[in-house]
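A structural walkthrough
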Amino acid sequence: MSDKPYRIDTVRPLRASEVTQWDFEADVVVAGFGIAGVCASIEAARAGAKVLILERTGGWGGAASLAGGFVYLGGGTPLQKALGFDDTPENMAAFLTAALGPGVDEAKINDYCAGSVEHYNWLVDCGVPFKESFWGEPGWEPPHDEGLMYSGGENSAPFLDIAEPAPRGHVPELANKKTGERGGGYMLMKPLADTVAELGIDVEYDTRIRRLVVDDEDRVVGVLATTYGKPVTVRAARGVVLATGSFAYDAEMIDRYAPRLSGRPGAAIEEHDGIGIRLAQALGAELAHMDASEVAIFGDPQMMARGILVNGRGQRYVTEDTYPGRIGQATLLQNDNQAFLIIDENSLEEALATESATPFFRFQPKWVAETVAELEAEMGLPAQTLQTTIATYNQHAEHGADPILGKKPEWVRPITGALAGFDLCGFTAGFTLGGLRTDLDSRVLHVSGEPIAGLFAAGRCTSGLCAYGYVSGASLGDGSFYGRRAGKAAAAG
């Protein structure tokens, strides 16, 4: 390790001329051993580059290994076809353009959709298992080892009128999953980490990057890192790949860029501190969609689909049978984090009889009542608001319709008899979607629009497919797809 006392209290780049010796040297240096980093490393090594991964924790995985494991893929993957679902890249792109906007990078979406089938095959060739089984019930993820599920509201309003619905949430097969600890994300990362080992790629754990190293022409030629607080200089002959995750756990960046998440729990890991973004910013990197966020709501999709969700004014605000992440966004970002689930006794019993991957979201109601007027008063809602909302809902539900928000007929029926109210206010957690702007080869772009020489990035430290919307699987899909691109481009120098 370097004896020279390099400054690590700044994100400003270090000049290569100031480096007296290199502790490590490689062709491609990858910062982060999550989904983007592992895919970048594999492709760089297969392209003939000597690769070194720097991982700040003691093992591989990152946020990906703790995730549910959805990889958003479509366009006619072998799994889709085996299960009888038709899809095309154009159909997939039409949905994603609508669901992930406004402000989406259409070139990136079209590129991703066109390469989706090949990417699925690449993951399978690396050993990622997908079971030929479809889970068609509402839920955050399949409760068993099913390999395919609707994961973005494709089959709900307004999207079912924009593109032909097709399930694209591809989940690696794993039995006895435990949400948040050992889910499908583990079985996505494990075969890829094994591939890294088979390729003989070097990994330095407990090593966090602190500064980028640039030459006299401002090309990125390495990084300054620390291992247990000791400075380490790492030379990258061809390029550096940032795969360092989001800024969901940096309070100052959240307050500055995404204040609607301020004070909210982060649906990420604490290593997502925005370091990769800040290091690239110091070189003049352009950012995009820094205020965008995905928002989880701690509610049970089977219950929400069978009831109605109202805000603090007693009004419905989102179709209840859509992707629950979309419900979370609407709750936090558009309705002051206020949400109440109203459901009658029969529908609640029916919902509780179904299987769920998140049974801990099935808690007791805060209010129960025999009439809507009584429930409205118990909840402290303005007089007549909930009564009017339910009367209007029931009027159309008698005919199996929901012209207000477009809930599908299979979930629409009048709310009658004894009913319960669930307080979901504040039951949200988010993670950031914005980050570094990159091109289709995962080169980090300067504010001038030109690539920053020697610098590549992928995953949640970038502004990828998502602008302001989200679908489950976009992070792992985007990170793995453009991680591969980053590795290839970096290896090419």
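Residues numbered from 1 in each chain as written. Predicted model: local features only at pLDDT ≥ 70, side-chain atom pairs only at ≥ 80, totals over all residues. Heavy atoms only, no water.

1. Here we look at the overall build of the chain
Rules: A run of DSSP states H or I qualifies as a helix once it reaches four residues; a run of E qualifies as a strand once it reaches two. Both are numbered from the N-terminal end. Radius of gyration here uses only the C-alpha atoms, and the compact-globule reference equals 2.2 Å multiplied by the residue count raised to the power 0.38. Only protein chains enter the calculation, and the probe is 1.4 Å; a residue is then buried if its accessible area is under 20% of its type maximum, exposed if over 50%, and partly exposed in between. Contacts are assigned to residue pairs that have any heavy atoms within 4.5 Å of one another. Method for areas: the Shrake-Rupley scheme with a 1.4 Å probe, in which residue coverage is limited to the protein chains shown. For the purpose of charge, His is not counted, nor are the chain termini; Lys and Arg are scored as positive and Asp and Glu as negative. All charge positions are set by atom: Lys at NZ, Arg at CZ, Asp at CG, Glu at CD.
What the chain contains, in helices and strands, is 14 helices and 21 strands. The C-alpha atoms of the chain give a radius of gyration of 24 Å, which matches the 23 Å a tight globule of 493 residues would have. C-alpha extents for the chain along the principal axes are approximately 80 × 45 × 40 Å. Considering the chain as a whole, with its 493 residues, one finds that 58% of them fall into the buried category. Counted over contacts in the chain with a minimum sequence separation of 6, partners at least 24 positions apart contribute 74%. Total accessible area on the chain is roughly 18,700 Å²; 48% of this is exposed by carbon and sulfur atoms. Distance between charge centres in the chain, computed from 41 positive and 65 negative side chains, equals 6 Å.

2. Observations concerning unusual backbone geometry
Cis geometry marks the peptide bond from Gly 101 to Pro 102; its omega dihedral reads 0 degrees. Within the fold, Pro 102 resides in the loop between helix H3 (89-99) and helix H4 (106-114). Cis geometry is found at the peptide bond from Ala 157 to Pro 158, where omega equals 0 degrees. Structurally, the position occupied by Pro 158 is in the loop between strand S6 (148-149) and strand S7 (169-170). One non-glycine residue, Asp 218, adopts positive backbone phi at about 65 degrees. As for its position among the elements, Asp 218 is in the loop between strand S9 (207-214) and strand S10 (220-227). Positive phi is not limited to glycine here, since Asn 337 has a value of about 65 degrees. With respect to the helices and strands, Asn 337 occurs in the loop between helix H10 (324-334) and strand S15 (340-344).

3. Digging into the sheet that holds S15
Backbone hydrogen bonds hold the strands of a sheet together, and the pairing may be parallel or antiparallel. Let me state the cut-off plainly: DSSP-based pairing: two strands are paired if at least 2 bridges between them are found. A fitted line through C-alpha atoms represents every axis, and for helices the fit uses only the stretch in contact; the resulting angles, taken between N-to-C directions, go from 0 to 180 degrees.
Strand order in this open sheet of four strands is S14-S15-S17-S16, and the pairing throughout is antiparallel. For this open sheet the edge positions go to strand S14 (308-310) and strand S16 (367-369), each flanked by a neighbour on one side alone. Ignoring which end each strand starts from, the neighbouring axes of this sheet average 20 degrees apart. Relative to S15, S14 runs antiparallel, the two being bridged by three bridges. Paired with Ile 308 across the bridge in S15 is Ile 342. Against the sheet, helix H11 (residues 345-352) engages S15 and strand S17 (419-423), with an angle of about 100 degrees to S15. With respect to the sheet, helix H13 (residues 385-397) is in contact with S14, S15 and S17, its orientation differing from that of S14 by roughly 150 degrees.

4. Concerning the environment of Gly 222
Mapped onto the elements of the fold, Gly 222 is located in strand S10. Separated by 57 residues in sequence, Gly 222 and Leu 279 have C-alpha atoms that sit 12 Å apart. What Gly 222 contacts, discounting residues up to four positions off in sequence, is Leu 212, Val 213, Val 234, Arg 235, Ala 236 and Val 240.

5. Remarks on the domain arrangement of the chain
Selection rule: The domain boundaries here were taken from an automatic or database domain assignment. We define buried area as the total accessible area lost by two parts upon association, computed with a 1.4 Å probe and summed across both. Here, a salt bridge means any Lys or Arg side-chain nitrogen found within 4 Å of an Asp or Glu carboxyl oxygen. Each residue gets one label: Ala, Val, Leu, Ile, Met, Phe, Trp, Tyr, Cys and Pro are nonpolar, Asp, Glu, Lys and Arg are charged, and the others, such as Gly, are polar.
For the chain, the assigned domains read domain 1 (1-298 + 430-492) and domain 2 (300-426). Between domain 1 and domain 2, the C-alpha centre-to-centre distance is 35 Å. Residue-level contacts link 32 residues of domain 1 with 34 residues of domain 2. Summing both partners gives a buried area of about 2,600 Å² for domain 1 against domain 2, and 59% of it is carried by carbon and sulfur. Our enumeration of links across domain 1 and domain 2 arrives at zero salt bridges. Per-element accounting of the side of domain 1 that touches domain 2 gives the leading share, four residues, to strand S13 (residues 293-297). Split into classes, the residues belonging to the side of domain 1 that touches domain 2 amount to 16 nonpolar, 11 polar and five charged.

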